[in-house]
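Breakdown of the fold
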Amino acid sequence: MKRAVTTLLALVAASTLVAQQAGQDEVVPPRARDLHTRAIVIDTHDDTTQRMMSDPSFDLGARGGTGSIDIPRMREGGLDALFFSIYMPGTVTGAQAVKRALQQIDKVREAVRARPRELLLAASAADIRRAVAERKIAALMGMEGGHMIDADLGVLRQYAALGVRYVTLTHSRNTAWADSSGDTPAHNGLTPFGRDVVRELNRLGVMVDISHTSDKTFYDVLAVTTAPVIASHSSCRAISNSPRNMSDDMLRALARNGGVVMINFNAAFLSEAFRTAKPPPVVQARLDAATRRCGEDEVCAILDWGPIYREAMRSGQLPAVTWTEIVDHIDHAVKLAGVDHVGLGSDFDGSIMPLGLEDASKLPKITGELLRRGYSEPDVMKILGGNLLRVMEQTEVRRQ
Ligand SMILES: [Zn+2]
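Residues numbered from 1 in each chain as written. Predicted model: local features only at pLDDT ≥ 70, side-chain atom pairs only at ≥ 80, totals over all residues. Heavy atoms only, no water.

A few words on the packing of aromatic side chains. Per the counting criterion, the structure on display carries 5 aromatic pairs. Centre to centre, the rings of Phe83 and Tyr166 are 5.3 Å apart; their planes meet at 35 degrees, and the pair counts as tilted. In this pair, Phe83 sits in strand β2 (residues 81-87) while Tyr166 sits in strand β5 (residues 164-168), placing the two residues 83 residues apart along the sequence. You can call Phe83 buried: its relative accessible area is 0%. Classification of Tyr166 as buried rests on a relative accessible area of 0%. The interplanar angle of 75 degrees and the centroid separation of 6.2 Å between the aromatic rings of Trp177 and Phe193 together place this pair among those described as edge-to-face. Within this pair, whereas Trp177 is found in the loop between β5 and α8 (192-204), its partner Phe193 is found in helix α8, the two being separated by 16 residues in sequence. For Phe193, a relative accessible area of 25% corresponds to the partly exposed category. (Phe/Tyr/Trp six-rings, centres within 6.5 Å; stacked < 30°, edge-to-face > 60°. Helix = DSSP H or I, 4+ residues; strand = E, 2+ residues; numbered from the N terminus. Buried < 20%, exposed > 50% of the residue type's maximum accessible area, 1.4 Å probe, protein only.)

Ranked by internal contacts, the top residues of the largest apolar core, which has 103 residues, are Tyr159, Ile330 and Ile366. Domain assignment of the residues forming this core places at least three in each of domain 1 (26-272 + 321-396) and domain 2 (278-318). In this structure Ile330 touches Ile263, Val342, Leu344, Ile366, Leu370, Tyr375 and Ile383, once residues within four positions along its chain are discounted. (Core = buried A, V, L, I, M, F, W, Y, C linked by side-chain atoms within 4.5 Å. Domains from an automatic or database assignment. Contact = heavy atoms within 4.5 Å.)

Turning our eyes to something else, we now look at the domain arrangement of the chain. In terms of domains, the chain is made up of domain 1 (26-272 + 321-396) and domain 2 (278-318). If you average the C-alpha positions of domain 1 and of domain 2, the two centres end up 25 Å apart. Counting from both sides, the interface comprises 17 residues of domain 1 and, opposite them, 11 residues of domain 2. Summed over both partners, the interface of domain 1 with domain 2 comes to about 1100 Å²; 70% of that surface belongs to carbon and sulfur atoms. The interface formed by domain 1 and domain 2 holds 0 salt bridges in total. If you look at where domain 1 meets domain 2, you find 3 residue pairs in polar contact (both at pLDDT 80 or more). At 3 residues, helix α3 (residues 48-54) tops the list of elements feeding residues into the side of domain 1 that touches domain 2. Taken together, the residues of the side of domain 1 that touches domain 2 sort by class into 8 nonpolar, 5 polar and 4 charged. (Buried area = accessible area lost by both parts, 1.4 Å probe. Salt bridge = Lys/Arg side-chain N within 4 Å of Asp/Glu carboxyl O. Polar contact = N/O pair within 3.5 Å; in protein donor to acceptor, adjacent residues only side chain to side chain. Nonpolar A, V, L, I, M, F, W, Y, C, P; charged D, E, K, R; others polar.)

Ligation of the zinc ion by protein atoms is provided by Glu144 (OE), His212 (NE2) and His233 (NE2), these donors lying 2.0 to 2.2 Å from the ion. Sequence positions of the donors to the zinc ion reduce to the motif E-x67-H-x20-H. A residue pair is termed long-range when its members are at least 10 positions apart, and Glu144 in strand β4 (residues 137-144) and His212 in the loop between β6 (207-209) and α9 (215-224) qualify at 68 residues. His212 matches Glu144 in its accessibility class, with the two residues each being buried. (Donors = N, O, S within 2.8 Å, 3.2 Å for Na, K, Ca; no water.)

Attention now moves to the layout of surface pockets. Where empty space is left becomes clear once a probe the size of a water molecule has been rolled over the atoms. The computed volume of the largest pocket comes to approximately 910 Å³. Around the largest pocket, the lining comprises 36 residues; the ones closest to its centre are Tyr87, His171, Glu298, Ile302 and Gly350. For the lining of the largest pocket, the elements supplying multiple residues, two or more each, are α3, α5 (94-113), α11 (267-270), α12 (272-275) and α14 (298-314). A total of 5 residues in the lining of the largest pocket trace back to one element, the largest contributor, which is α14. Within the lining of the largest pocket, the residues separate by chemical class into 15 nonpolar, 11 polar and 10 charged. Looking at the lining of the largest pocket, you find at least three residues from each of domain 1 (26-272 + 321-396) and domain 2 (278-318). As a volume, the second largest pocket reaches approximately 360 Å³. Lining the second largest pocket are 18 residues, with Thr37, Arg75, Gly78, Asp80 and Arg135 positioned closest to its centre. If you list the elements that add at least two residues to the lining of the second largest pocket, you get α2 (30-38), α4 (71-76) and α6 (125-133). Looking at the lining of the second largest pocket element by element, the count peaks at 4 residues for α2. Across the lining of the second largest pocket, the residue classes break down as 7 nonpolar, 4 polar and 7 charged. (1 Å grid on protein atoms, 1.4 Å probe; cavity = no way out; pocket = protein on both sides within 12 Å on 5 of 7 lines; lining within 4 Å. Points joined across faces, edges and corners; volume = space filled by probe spheres on them.)

In this section: the environment of Arg73. Mapped onto the elements, Arg73 comes out in helix α4. Overall, Arg73 belongs to the buried group, its relative accessible area being 2%. Apart from residues lying up to four places away in sequence, Arg73 is in contact with Arg63, Gly64, Thr66, Gly67, Ser68, Asp359, Ala360 and Ser361. Of note is the side chain of Arg73, whose polar atom sits 3.0 Å from the backbone oxygen of Gly67. At 2.8 Å, the side chain of Arg73 and the side chain of Asp70 are in polar contact.

Take a look at the structure:
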């Protein structure tokens, strides 16, 4: 008996060691690991471009101690494809916004060019499958904010030609042609030009992204679009009541459109308790110090805030948000929209990640939890990336 216990303890210690070496704080069962490896895993929203822009020492090829995304951690987490976000605040407009967007597109394209053995610039679902077959990571681009087209369909067409494969119609401010969920309504949804933007995206075979838009903009988009749309990084309002999340009615409407909601891992979008909590002064002081240190550099501040927030969660100074809450949102969205309409849009490097899913290396845990909750293997594969591939393909066939 004693010997059996000792052997068991040794086994537990050994598996813990393996887990630690693999960067996992929980052991993912072999069946889940195997499924995760076989699946095409796609993340539709990563703000890593901002790191590449602002930090000259950032190396996509080296395993980093901060942030969430680099090639070694993507490999470890079985991430096959990611959408690099082309982003700037909605306060940047006009020619300045176009120039900064082009600089970011160039940054992503150059990063891929510099690592031909590891990355493949993907502009279609077929490219993603090719990258997987060649054991590379597919790098795609999503434009987070319609303000970057400067109200010009010609500029939009150039972005599409350079490889942008979705456009989020707004960020947290209204554009000249669409209302945002973060602003006071100015257009009652989409203007006539906003409808033209949706039609042009359909024609170009570029996905329309309704994350960040106002509810009215969302419904206006559904009335115009001929292709399924995506919410590239949104969660469920029934669980965390942020206007950035999707209501149950929106989830049902998205399913009728054939689209897909990609669940955002941002702790505030996962948990109402965390979203509405006020950090105690001692935590706020640390957050403020990081903000001062980083100045205008948004990604720098977010990378500093992550560990501060998670430490406050662990010590009970703020409500703890754990990674399984991501799967709670997947469950809810599946219940409302169906398993064909849910995916993953982490918001890595742009948001506060929950405990246990701090970076891309931890993604297999989601597969483990989905299997544990009774999802079939084909359904897990849909959520991990199959649904997004379907929407990309259905968008591409409409290209004219
Ligand atoms: Zn966003």
